[in-house]
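An overview of the molecular structure
Now for the letters of each chain:
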Amino acid sequence: MFSKISIYISLHAIVFLIIIGAIVTGGFVIAFIWAVKGGQYEDDYSPAVRILFDDDLPEKKDKENKEEKKDTEEEKPVNSIK
Amino acid sequence: MEPVKCIHCGEDCGKHPVMWDGKPFCCNGCKTVYQILNEKDLSQYYKIAPMSGIKVDTSSAGNKYAYLDDKELKSKILDFSDGGISKVRMFIPAIHCSSCIWLLENLNTLEPGIIHSSVNFVKKEVFITYNEEKTSLRRIAELLESIHYIPEISLEKNEENKKSQKDILIKIGIAGFSFMNIMLYNFPEYLPGSQQLEGFLKDFFGWMSFILVLPVVFYCSNDYFLSAFKNLKKGIINIDLPIALGITTLFLQSSWMIFTGTGIGYMDSLTGLVFFLLIGKWYQNKTYQALSFERTYKSFFPVAVTKVKESEENVVALSDIAPNDHILIRNHELIPTDSVLVKGNGNIDYSFVTGESLPVIKKEGDVLFAGGRQIGSSIELEVTKSVDQSNLTQLWNQYQTKAESEDGIESVVNKVSQYFTIVILLVAVAAGTFWLFRDPSKAIFAFTSVLIIACPCALALTLPFTFGSTMRWFGRSGFYLKQSSVVERLSKTDTIVFDKTGTITYSAEMDTEWKGEKLSGEEMGMIRSVSMHSAHPVSRAITNDIPDKIIYPVEKFKEIPGMGITAEVKGIKVNIGSEEFITGKTTRSEAVSTIVFVNINNQIKGYFVIHNKYREGMEQVINSLSENYELHLISGDNDSEKERLLPVFRDKTRLHFNQSPEDKFRYIKRLKSEGHKVLMVGDGLNDAGALNESDVGISIADDIFQFSPACDAILKSGKFKNLNGFMTFTRKAMWVVFASFTISFLYNVVGLSFAVGGNLSPIIAAILMPISSVSVVAFATLNISLLAKHYKTGK
């Protein structure tokens, strides 16, 4: 008697799990489609290289310098017009 | 001593490197790029991948990109613009390493107006977002050119291929998802004691697999149904018909079983089949996205041209040029349409159009045809025809009529599948009728079982994987095929037709041979000192071939177009030029420019004979090819090389000189009508028609991204010596195909014996079908990689 009930319950658990399984894998398929449409499979070389580039390049310092330079450069012609 | 290598491009610097910042450079161009990068603290470029810079030989005119200021043209090139911020995608063939990615993504350091730039390495594109107020498209293009990443700008965009690759990936994802889940549902069926499984669970599994199979049948496999239907309408049975038939019967039979509650059906086999087929298709379609095999004359011509009106120069789009307009053509620029020379000295290189390797001299009033390239000072032309009416473009368009036989009706797999389909249908009907009399309950089941098990999955997978692997291996070796079906067409070739200039010879290099008195070292130095001042290809060949590097100062240098050059070295007069120029008479009927006389101090010393320089290994390639193929040569050039080529090609009747593009086209057509399978090997516009007409057209290119006309395959010029190896390889690949076919037939015999007997259970289908597919795929790919290895070590 007891064993019959437990089998019955466990079978229903399988149905439940199967549905959940289908939903979870379905979620991954949707994620995959989204990734493909977003173009993630278009270039399989540069992302791997890009991650290795240093972020703190002279670029940052440079940018500041340049902004200063630019300011002075931009001002000059204005002055001359005046 | 180790040769000094250029810090920028890694090339040998020679004896006198250009030094800057204590570092050696091979040329000023490389030094300039280093200076630009160093100034902006971008010298890390040289650390990521050392010596990876790009060397550029010719610098172009300053206003090459002036047309990018033209609003209308710009709007065609830009992807997006709202007036303030614009986005553009530029194709830069030179992208080749991680340093390139790093530099191009840090472009805003060089040009602050650039907001963001990102690289797509596979497509060799850079995507730039910039501020219109701070910079312009023209400045960006000029910046890229200044650091030797020369963008190739064209008004046509081709997005189709990418789209279909995306679709196929999505289809694979969905089919894989269904396959995986349905396998799980069917699994209990295959265990002993599955009969005791609760009835409601069986129904539940059946229903689940029915739901999951729907997207596979109606979305993932729609290409097979469409193709089978299309070909059937044309009266052709191709490989997709038995596939579509198999999928349909699998689906109907299984649905019937599920709905009547008699079983779970063959849904796992169905989804697995579609999954494997799609992978095969994807593998086969993975081609070279950055290469273009579909070039038309439009990509050959420039986008814009300089128009002259009342002594005012304007850069306008090519399509805006009308007859009677005056245009300006600068050094190394292309003549876009038929026109008349109005001002200046024309020195036109027609090598792309006619194959003639030496420039032609044109005087004012002469007619110039489209496709020529001006070498020397600028010339002014009056246009006589609009661009798409010029002789060249008309010739080109005329060839584009080649019927699209993309599916290759005569392809091996389609031939086999014709018989296959008929035989399978006969077997199915026979089995059905047999059981109708024996045991009517089994008749329909036996009929469908035959169709299910005989589904030509393995057959359909053979070609994609064999040819796909072959294509990949070829690609790694510098031989790029447009589609995998080219492998099969190559293997059937029995006749090879070569173009001469640029194909078996180098297009720009020439050999010289001295005939006459023996020259002293001083005299040779004098000749070289004079010839190095001229840009004419013959002068350059002479300069290159004289080993003496002493340079004397040259005075009173004068170049007379079409005749020769004259100058004084240390007070001694040196004349170099045509026979007429030096001796005052012409005795030879051959083209004058192949013989160059030298006169020093009013004494005729002798003459140089100018030969085309043959590609490395040309004779070996031709000799080894002549064992298996009939070889022909058609050239637009004069026949001065006939004597040298005759021993190589053996037969006089197969050597043809002075052939126009039209003649070449007709020649191929004639060979084809005689029943030959023709491979044409050419290089440029002049054989575009012939390349198109032949069964397989291979174009040889120094730079595989540029100037290759419409063709089936592109061969890197350095790999020309391997041509015979590639050809042999395609024939071996065909053997692998036949062996795989045999294996898949054996599987079918086993499967059919079950099916005809009327006892094909889902478990047998579930085991047999994937095994046959996987083993055939493994057999094909393994064999090809073994062959490739053998070929590599065998060399």
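Thresholds applied
- Residues numbered from 1 in each chain as written.
- Chains lettered and ligands numbered in written order.
- Predicted model: local features only at pLDDT ≥ 70, side-chain atom pairs only at ≥ 80, totals over all residues.
- Heavy atoms only, no water.
- Helix = DSSP H or I, 4+ residues; strand = E, 2+ residues; numbered from the N terminus.
- Contact = heavy atoms within 4.5 Å.
- Axes fitted to C-alpha atoms, helices over the stretch in contact; angles between N-to-C directions.
- Parallel < 35°, antiparallel > 145°, perpendicular 65-115°, else oblique.
- pLDDT = per-residue confidence, 0-100.
- Nonpolar A, V, L, I, M, F, W, Y, C, P; charged D, E, K, R; others polar.
- Buried area = accessible area lost by both parts, 1.4 Å probe.
- Salt bridge = Lys/Arg side-chain N within 4 Å of Asp/Glu carboxyl O.
- Polar contact = N/O pair within 3.5 Å; in protein donor to acceptor, adjacent residues only side chain to side chain.
- Core = buried A, V, L, I, M, F, W, Y, C linked by side-chain atoms within 4.5 Å.
- Buried < 20%, exposed > 50% of the residue type's maximum accessible area, 1.4 Å probe, protein only.
- Domains from an automatic or database assignment.
- Pairing = 2+ DSSP bridges.
- 1 Å grid on protein atoms, 1.4 Å probe; cavity = no way out; pocket = protein on both sides within 12 Å on 5 of 7 lines; lining within 4 Å.
- Points joined across faces, edges and corners; volume = space filled by probe spheres on them.
- Expected span 1.5 Å × (residues − 1).
- Patch = residues over 30% accessible without salt bridge, like charges linked within 9 Å, V, L, I, M, F, W, Y side chains within 5 Å.
- Areas by Shrake-Rupley, 256 points an atom, 1.4 Å probe, with all protein chains shown as cover.
- Phe/Tyr/Trp six-rings, centres within 6.5 Å; stacked < 30°, edge-to-face > 60°.
- Disulfide = S-S within 2.5 Å.

Structurally, Asn347 of chain B can be placed in strand β11 (residues 346–349). Those residues within four positions of Asn347 of chain B in sequence are excluded, and the remaining contacts are Pro359, Val360, Ile361, Arg373, Gln374 and Ile375 of chain B.

Attention now moves to the packing of helix α22 (residues 618–626) of chain B against helix α26 (residues 723–756) of chain B. Helices that pack against each other are described as a pair by the angle of their axes relative to one another and the distance between those axes. Residue and element names in this part refer to chain B. Interaxial distance between α22 and α26 falls to 8 Å at its minimum, and their mutual angle equals 30°. Judged by the angle between their axes, α22 and α26 are roughly parallel. Facing α22, whose interface residues are Val621, Ser624 and Leu625, α26 presents Leu723, Asn724 and Met727.

Looking now at the confidence of the model for chain B. Residues of chain B with pLDDT of at least 70 account for 89%, and the chain-wide mean is 81. In this model, residues 401–409 of chain B is a region of pLDDT below 50 whose contacts with residues beyond four sequence positions or in other chains number 8 contacts.

Glancing now at the packing of α22 of chain B against helix α23 (residues 642–649) of chain B. All names here are of chain B. Their axes nearest at 9 Å, the elements α22 and α23 cross at an angle of 40°. As the angle between them shows, α22 and α23 are arranged oblique. Together, Met618, Glu619, Ile622 and Asn623 of α22 and Leu645, Val648 and Phe649 of α23 make up the contact between the two elements. The residue makeup of the contact of α22 with α23, split by class, is 5 nonpolar, 1 polar and 1 charged.

Another aspect to go through is the interface of chain B and chain A. In this assembly, 35 residues from chain B lie in contact with 32 residues from chain A. Counting the surface lost from both chain B and chain A, the interface buries some 3000 Å², and carbon and sulfur atoms represent 71% of this. Together, Lys166, Ile170 and Phe177 of chain B form the three largest contributors to the area buried by chain B at its contact with chain A, with a combined 15%. For the interface between chain B and chain A, the tally reads 3 salt bridges. Linking Lys166 of chain B and Glu42 of chain A is a salt bridge whose minimum nitrogen-to-oxygen distance equals 3.5 Å. The interface formed by chain B and chain A holds 6 residue pairs in polar contact (both at pLDDT 80 or more) in total. The leading source of residues in the side of chain B that touches chain A is helix α7 (residues 160–186) of chain B, at 10 residues. Its residues assigned to classes, the side of chain B that touches chain A comprises 18 nonpolar, 8 polar and 9 charged.

Attention now moves to the nonpolar core. Residues and elements named next belong to chain B. Formed by 121 residues in total, the largest nonpolar core has its most connected members in Leu270, Phe498 and Phe649. Considering every element that reaches this core, the biggest residue donor is α26, with 11 residues. Here this core spans two domains, since at least three of its residues come from each of domain 3 (162–288 + 412–466 + 732–794) and domain 4 (479–505 + 616–727). Residues in contact with Leu270, not counting those within four places in the same chain, are Val213, Val216, Val217, Ile247, Leu250 and Phe251. Ranked by size, the runner-up nonpolar core spans 52 residues in total, among them Ile95, Ile101, Trp102 and Leu144.

This part takes up the sheet that holds strand β10 (residues 339–343) of chain B. Residue and element names in this part refer to chain B. Strands sit in the order β8-β7-β9-β15-β10-β13 across an open sheet of 6 strands; the sheet is antiparallel. The open sheet is flanked by β8 (312–317) and β13 (367–368), the only strands paired with a single partner. Note: strand β7 (residues 304–309) against β8, 6 bridges, orientation antiparallel. Paired with Thr306 across the two strands is Val315, which belongs to β8.

Residue and element names in this part refer to chain B. This structure, assessed with the given rule, holds 6 cavities of 30 Å³ or more. Here the largest cavity defines a volume of roughly 130 Å³. Listing elements by their share of the lining of the largest cavity, those giving two or more residues are α16 (457–476), α26 and α27 (762–794). Along the lines of polarity and charge, the residues of the lining of the largest cavity split into 9 nonpolar, 3 polar and no charged.

To continue, consider the sheet that holds strand β4 (residues 85–91) of chain B. Residues and elements named next belong to chain B. In spatial order, the strands read β3-β4-β6-β5; together these 4 strands make up an open sheet with antiparallel pairing. Two strands bound the open sheet, and with one partner strand each, they are β3 (78–81) and β5 (114–120). Neighbour-to-neighbour, the strand axes of this sheet turn through a mean angle of 15°, independent of strand direction. Where β3 meets β4, 3 bridges bridge the pair, whose relative direction is antiparallel. Paired with Leu78 across the bridge in β4 is Val88. Lying on the sheet, helix α4 (residues 98–105) is in contact with β5 and β6 (125–131); it crosses β5 at an angle near 160°.

Structurally, the position occupied by Ser740 of chain B is in helix α26. Beyond its immediate sequence surroundings of up to four residues, Ser740 of chain B is in contact with Thr462, Val776, Phe779 and Ala780 of chain B.

All right, on to helix α15 (residues 440–453) of chain B then. Think of an α-helix as 3.6 residues a turn; residues three or four steps apart then line up on the same face. Compared with an ideal rise of 1.5 Å per residue, which puts 14 residues at 20 Å, α15 of chain B spans 21 Å between its outermost C-alpha atoms and is within 8% of the ideal. Buried residues of α15 of chain B: Ala443, Ala446, Thr448, Ser449, Val450, Leu451, Ile452 and Ile453 of chain B, and no others.

What follows is about a nonpolar patch on the surface. Residue and element names in this part refer to chain A. Where nonpolar side chains cluster on the molecular surface, the patch consists of Phe16, Leu17, Ile20, Val24 and Phe28 and spans about 530 Å² of accessible area. By secondary structure assignment, the location of Ile20 is in helix α1 (residues 2–37). By relative accessible area, Ile20 is classed as partly exposed at 36%.

What follows is about the pattern of salt bridges. All names here are of chain B. Summed over the entire model, instances satisfying the criterion amount to 25 salt bridges over all chains. A salt bridge links Arg89 to Glu125; the nearest nitrogen and oxygen atoms lie 3.8 Å apart. Here Arg89 is found in strand β4, whereas its partner Glu125 is found in strand β6, with 36 residues between them in sequence. Judged by its relative accessible area of 36%, Arg89 falls in the partly exposed class. In this structure, Glu142 engages Arg138 in a salt bridge whose closest nitrogen and oxygen atoms are separated by 2.9 Å. In this pair, Glu142 and Arg138 both sit in helix α6 (residues 137–146), 4 residues apart, roughly one turn of the helix. Of the residues examined, Glu142 reaches a relative accessible area of 27% and is grouped as partly exposed.

All names here are of chain B. A complete count under the given rule lists 31 aromatic pairs over all chains for this structure. With centroids separated by 6.0 Å and ring planes inclined at 90°, the aromatic side chains of Phe218 and Phe251 adopt a geometry described as edge-to-face. Note that Phe218 is positioned in helix α8 (residues 199–220) and Phe251 in helix α10 (residues 240–260), a separation of 33 residues in sequence. Phe251 gets classed as buried once you look at its relative accessible area, which sits at 12%.

This next bit is on the environment of Ser378 of chain B. Residue and element names in this part refer to chain B. Following the sequence through the fold, Ser378 ends up in the loop between β14 (373–374) and β15 (379–383). Among the residues examined, Ser378 registers a relative accessible area of 37% and is labelled partly exposed. Residues Ser378 and Leu328 lie 50 residues apart in sequence; the distance between their C-alpha atoms is 6.8 Å. With near-sequence residues (within four places) excluded, Ser378 lies in contact with Leu328, Ile329, Arg330 and Gly344.

All names here are of chain B. Residue placement: His632 occurs in strand β24 (residues 630–634). Counting along the chain gives 137 residues from His632 to Thr495, while the straight-line C-alpha distance between them is 7.7 Å. Residue contacts for His632: discarding those within four places in its chain leaves Thr495, Ile496, Val497, Phe498, Phe649, Arg654, Tyr667 and Leu671.

Here we take up the state of the cysteines. One pass over the full model with this rule turns up 0 disulfides over all chains. With no disulfide of its own, Cys26 of chain B lies 3.6 Å from the sulfur of Cys9 of chain B, the closest cysteine sulfur.

Residues and elements named next belong to chain B. Of all 7 residues making up β6, 6 are buried, and the element is well covered by its neighbours. Where β4 lies against β6, 7 bridges are found, and the strand directions are antiparallel. Bridge pairing links Val88 to Ile128 in β6. Relative to β6, β5 is paired through 6 bridges, and the arrangement is antiparallel. The partner of Ser118 across the bridge, within β6, is Phe127. The turn linking β5 back onto β6 is made up of 4 residues, and Lys124 within it adopts a positive phi angle of 55°.

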